[in-house]
Amino acid sequence: MEIIHLSAECYPIAKVGGLGDVVGALPKYQNKLGHVAKVVMPAYRNKFLIENEFEVVYNGWCKLGFHDYSVNILREKTNKLGFDLYLVRINNFFERELVYGYDDDTERFLAYQVAVLDWIAQWEHRPDVIHCHDHHTGLVPFMTAYCHQFEKLRHIPSILTIHNAQYQGQFGWDKLHYIPAFDLWKSGLLDWKGAINPLAAAIKCAWRITTVSPSYLEEITVSANGLEDLLAQERGKSFGILNGIDHDVWNPRTDPMLLKNYTVRGVDNGKKANKVALCELFNLDPERPLFTFIGRLVGEKGADLLPEIFHNALNQFKNQISILILGSGEPEVEERLTQLKLVFPGDYNVFLGYNEQLAHQIYAAADFLLMPSRVEPCGLNQLYALRYGTIPIVRRIGGLKDTVVDIGDGGFGICHDQASVTDVGHAIGRAFELYSNSMPVAGKQHIPVEGKQVTEIRKYIMQLDHSWDKAAQQYIDIYQM
Ligand code: ADP
């Protein structure tokens, strides 16, 4: 099959979160299964564009409202990513480094979608499926089905994967003229609660819908930022497929970003070496259990709870735990997390910003990774943590519920029910007890107890199979439907 993935993000070209990881891996694994999966994304003016070689495969114009914009589509020459990569350059819109956050994001992603379809409409053959990811590509199923200029694309099946239903890309009806002409009586398909809503339009028009975990599929019919009823109505064509992780990129044995590589057998020493080096960088004590949080500092991730959670934990386990945070997001949360450094120097540190290498190093060095999410469509952090032998402490929600089993239930992680300071505090207490019962902790007498030990859990979780092989085939099965 020939599969065209359309997405705003794709690792390593441009990544803001999990969407980038998925689109950077899934096509590769689909190609390994013998299919031809390609990625077509905007050509952001970033490091990848500057440092790699491309050939121009298409020059044209794209009409957006009353203006025409020149379009070039570039193909990455070496195929080193494991799939064909096409970058859509539209001068006014993508000559900037960041993926999102500009005032004209609506126009940018609309122009990208129109330009891609103009290009595909010129091909001599038709792809077998167009796979849209999130709202930035959400108008494609509508446009292929109903816009006159894309008549030739009408019979190409479209599939939407919802990575996060919180973000929907709504804009006002005053921008309707940006969408290429269609019979206006079909406008209702674009509408949700009085605005043009690309995610809602995709949910209505895509031939199939997937979410990135089975639990999230159930949860969005109850909570999806206003789209619950629509999602419940379209449940019949919807499927939950758990994300995988790219074992080529996320492998502690070979990961070039780590300070020391390690295998399952050498996990304790390997993690310790990474912890010692990282703690030195961040002025933390490597003899204590290291707790971490990596991610966007937003309400969805429960980040607003972190300052109080860590304040309490650092008081309760005085001089007995270390905490390191990597993230960026809401300024107030950033500010409060920074202030904690003054209160607990030597016990706590935070790196504000996005740093791919540091993320890898933290997964390798940490003992525990916290995810007190309010919403978690799949969550990749816990999967990376497992692969690197780091024990996840997660709220039972969405993909976290599907991938982490509590030690008390015969599993390997620490789970809690609420995204609350009390629940997470209790979970940290359980983690501390687990650690101090099985690992030597400075200033604490080491009395090993019966039950699971940290080393045993580390070895077990590193061998769990969360690779893309299975999920890549599940997507193929859906395309075949
Ligand atoms: P999201 O909702 O943000 O997409 P996921 O758990 O699905 O959450 O994916 C998050 C991805 O982004 C992971 O690969 C994680 O390591 C990465 N990430 C998040 N924040 C940062 C950061 N500040 N620096 C480096 N990597 C980050």
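Everything below is about the structure shown above.
What this report covers is the structure whose coordinates are included nearby. What you see is a predicted model, and the numbers here were worked out from it, not measured in a lab.

Let's shift gears to the overall build of the protein chain. Check the secondary structure of the protein chain and you find 17 helices and 17 strands. Here the protein chain has a C-alpha radius of gyration of 23 Å; the compact-globule value for 481 residues is 23 Å, and the two agree. When its C-alpha atoms are laid out on the principal axes, the protein chain stretches across 75 × 45 × 40 Å. Relative to its 481 residues, the protein chain shows a buried fraction of 61%.

Inspection of the secondary structure puts Arg288 in the loop between helix H9 (267–281) and strand E12 (290–297). Judged by relative accessible area, Arg288 falls into the buried class, the value being 9%. Not counting chain neighbours up to four residues away, the residues in contact with Arg288 comprise Lys275, Asn319, Gln320, Ile321, Ser322, Gly346, Asp347, Asp367 and Tyr435.

We now examine helix H4 (residues 105–121). In this model, H4 (17 residues) spans 24 Å end to end at C-alpha, consistent with the 24 Å of a helix rising 1.5 Å per residue. For H4, the buried fraction is high: 17 of the 17 residues fall into the buried class.

On to the site of the ligand. In the vicinity of the ligand, 19 residues are found, and the nearest of them are Lys15, Gly18, Asp21, Arg296 and Gly353. Contact between the ligand and Asp21: an oxygen atom at 2.6 Å from a side-chain N or O atom of the residue. Surface burial for the ligand is 93%, taken as the share of its 560 Å² of free accessible area covered by protein chains. Counting residues per element, the ones that place at least two in the shell around the ligand are helix H1 (18–32), E12, strand E13 (322–329), helix H12 (356–365) and helix H13 (381–387).

Next up on the list: the pattern of salt bridges. Tallied over the full model, the rule gives 29 salt bridges. The salt bridge involving Lys272 is made with Glu287; its shortest N-O contact spans 3.5 Å. In this pair, Lys272 sits in helix H9 while Glu287 sits in the loop between H9 and E12, placing the two residues 15 residues apart along the sequence. For Lys272, a relative accessible area of 33% translates into the label partly exposed. Here the residues in one salt-bridge network are Lys28, Lys32, Asp246 and Asp248, joined through shared partners.

What follows is about the sheet that holds strand E5 (residues 84–90). Pairing within the open sheet is mixed, and its nine strands lie in the order E3-E4-E5-E2-E1-E6-E7-E10-E11. Unpaired on one side and paired on the other, strand E3 (54–64) and strand E11 (238–240) mark the two borders of the sheet. Shown here is a sheet whose adjacent strand axes are inclined to one another by a mean of 25°, direction ignored. Summarising the sheet, E3 and strand E4 (residues 67–76) pair through ten bridges and their orientation is antiparallel. Counted as the bridge partner of Asn59 is Asn72 from E4. Against the sheet, H4 contacts strand E1 (2–6), strand E2 (36–42), E3, E4, E5 and strand E6 (129–133), and its axis sits at roughly 115° relative to E3. Its contacts with the sheet put helix H6 (residues 198–205) on strand E7 (158–162) and strand E10 (208–211), and the angle it makes with E7 is roughly 130°.

How each quantity is defined
Residues numbered from 1 in each chain as written. Predicted model: local features only at pLDDT ≥ 70, side-chain atom pairs only at ≥ 80, totals over all residues. Heavy atoms only, no water. Helix = DSSP H or I, 4+ residues; strand = E, 2+ residues; numbered from the N terminus. Rg over C-alpha atoms; globule rule 2.2 N^0.38 Å. Buried < 20%, exposed > 50% of the residue type's maximum accessible area, 1.4 Å probe, protein only. Contact = heavy atoms within 4.5 Å. Expected span 1.5 Å × (residues − 1). Near = heavy atom within 4 Å. Polar contact = N/O pair within 3.5 Å; in protein donor to acceptor, adjacent residues only side chain to side chain. Areas by Shrake-Rupley, 256 points an atom, 1.4 Å probe, with all protein chains shown as cover. Salt bridge = Lys/Arg side-chain N within 4 Å of Asp/Glu carboxyl O. Pairing = 2+ DSSP bridges. Axes fitted to C-alpha atoms, helices over the stretch in contact; angles between N-to-C directions.

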